[in-house]
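# Observations on chain architecture
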Amino acid sequence: MQEPVTSPGFDPVEERVAAPRLLALGFQHVLVMYAGAIAVPLIVGRALQLSPQDVAFLISADLFVCGIVTIIQSFGATQWFGIRLPVMMGVTFAAVGPMVAIASANPGQEGARMMFGAIMAAGVIAIFFAPLVGQLLRFFPSVVTGTVILVIGVSLMPVGINWIFGLPVGPTAPQLVDPAAQSWLDTARAAGGVPESVRLMPTVANPEYASLPRILIGITVLAAILLIARYARGFVANIAVLLGIVIGGLLAAALGMMHFDGIAEAAWFAPIKPLHFGMPIFDPVMILTMLLVMFVTMIESTGMFLALSDICGRRMTPKALTAGLRVDGLGTAIGGLFNTFPYTSFSQNVGLVGVTGVRSRFVCVAGGAIMIVLGLIPKMGALVESLPTTVLGGAGLVMFGMVAATGIRILSTVDFKGNRHNLFIVAVSLGLGMVPMIAPDFNQWLPHSMHTLIHSGILLAALAAVGLNWFFNGAPHTSDEEIAATAHAAEAH
């Protein structure tokens, strides 16, 4: 999509949008992030073996805190908190592995108190670490920034693709265990002739995976977005993703793929109670584990903020970066208080800003307010939750691809001809960033304490790119203006 034409001196980030358009654009951001926002509480709640009512509460609490932290980040709260860019905040998937490990070892409400205590403490500590991370911006010139953003986009693409065809595990997995063979195994195990450790491999093709209706819906959503982006003008073009999702939802309903039972059962209002599971338990080992997660989150957030600043034409300074990273810590501390999880900027919404060209931060403020309402009114949340993931998959291809395209655009400004070392930086970092995606079990023989750090391809790519750039090019001390110009290289060229 072409960049919108703006007059000299006009700052699109500060644009005040009319109320009807503001709500529509804000709701579009909510739809884009909703599936990711509810996935983590579902996974962690079940790992804790909580009741369905408590799992539903975790989802509502998560949406509620998503809204609060989004408003703090986008609107700002004092000079110390908030990057004041169009950012939607959601639960970081980097925390899922450690939280599931904590939940598996300590199920039930006591495990929840230990987990939320560790999250709360890690968030508070991260607030004070944020200035240190902000001063590292000089280690992120265009070759590093472009590479990290490219890896973010590439690592997200499997998410959108799996949304279309079916998740790799569960009821939509490509293959299932043969029911007849499983019945035989259960009988043999009951007779005592087969050890409990024996499991059957999935060998039967699953009709739910990559079914024709799923593919049809995904293609319809993708085609609708592209057609609207190509031929529509003004406001309609700006909400191309939202309209594509709505069209896909209507098609899914017509094909009988949407179920509305949850809407009827959901309550109209449910307040979010802090410390729902009781007073938190502060375990030092768990706090250290969640601090590692916060480190991963802040590195990933740095890449997101740099990508967003480039899209928005807003120069990034260490002061602004620090204010944004502090909200990662503050949001995580608030999350622990309200029984939710560590928070970071959602990359799919960064892609949405690039797709729509709407860069007003007040759109995300409106999105945050909508998230708060969804958290307080479960019936409204249930309506959005009824959308099949295949509807979001078609939109995901566009949005995640836009993140990768932003990285490519930044890399196009890098001097590869005069400095061939930059080729090594991109090549090795991209390869390492794809390791967890291609070989997710590569760390099975490494110490378990390292898994949190090396499980994120984005973090591996960031560490490799920063380290190799320092090795080949150095990292001289520069002024804030020079650092901002480097982070904004694509726009400067």
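Residues numbered from 1 in each chain as written. Predicted model: local features only at pLDDT ≥ 70, side-chain atom pairs only at ≥ 80, totals over all residues. Heavy atoms only, no water.

Looking at an unreviewed UniProt entry, one finds the protein chain named Nucleobase:cation symporter-2, NCS2 family and attributed to Paracoccus thiocyanatus. Per UniProt, the protein chain carries the Sequence similarities (unreviewed entry) text "Belongs to the nucleobase:cation symporter-2 (NCS2) (TC 2.A.40) family." (UniProt positions renumbered as here; feature names shortened; annotations may be inferred.)

### Notes on the overall build of the protein chain
Counting its secondary structure elements, the protein chain contains 21 helices and four strands. A separation of at least 24 residues holds for 86% of the contacts in the protein chain among residues at least 6 apart in sequence. Within the structure as shown, the protein chain displays about 21,400 Å² of accessible surface, and the carbon and sulfur contribution to it stands at 69%. (Helix = DSSP H or I, 4+ residues; strand = E, 2+ residues; numbered from the N terminus. Contact = heavy atoms within 4.5 Å. Areas by Shrake-Rupley, 256 points an atom, 1.4 Å probe, with all protein chains shown as cover.)

### Some points on the packing of helix α7 (residues 212–231) against helix α9 (residues 240–254)
Close contact between α7 and α9 brings their axes to 8 Å; oriented N to C, the two are set at 150 degrees. Judged by the inter-axis angle, α7 sits roughly antiparallel to α9. Between α7 and α9 the crossing geometry is right-handed. Contacts between α7 and α9 involve L216, I217, T220, V221, A224, I225, I228 and A229 on the former and, on the latter, A240, V241, L243, G244, I245, I247, G248, L251 and A252. (Axes fitted to C-alpha atoms, helices over the stretch in contact; angles between N-to-C directions. Parallel < 35°, antiparallel > 145°, perpendicular 65-115°, else oblique. Left-handed = near helix turned anticlockwise from the far one by under 90°.)

### With respect to the environment of G108
By the element assignment, G108 lies in helix α4 (residues 108–134). The residues contacting G108, other than those within four sequence positions of it, are L48 and L50.

### Thoughts on the nonpolar core
The biggest cluster of nonpolar side chains holds 132 residues, and the ones touching the most others in it are M99, M115, V241, M290, F341 and M371. The element best represented in this core is helix α11 (residues 284–312), accounting for 15 residues. The contact partners of M99, leaving out residues within four places of it in the chain, are V40, V44, M115, I119, M290, F341 and P342. (Core = buried A, V, L, I, M, F, W, Y, C linked by side-chain atoms within 4.5 Å. Buried < 20%, exposed > 50% of the residue type's maximum accessible area, 1.4 Å probe, protein only.)

### Side note on the environment of V391
Residue placement: V391 occurs in helix α16 (residues 389–411). In sequence terms V391 and G249 are 142 residues apart; their C-alpha atoms lie 6.4 Å from each other. Residues within four places of V391 in sequence aside, it is in contact with I217, V221, I245, G248, G249 and A252.

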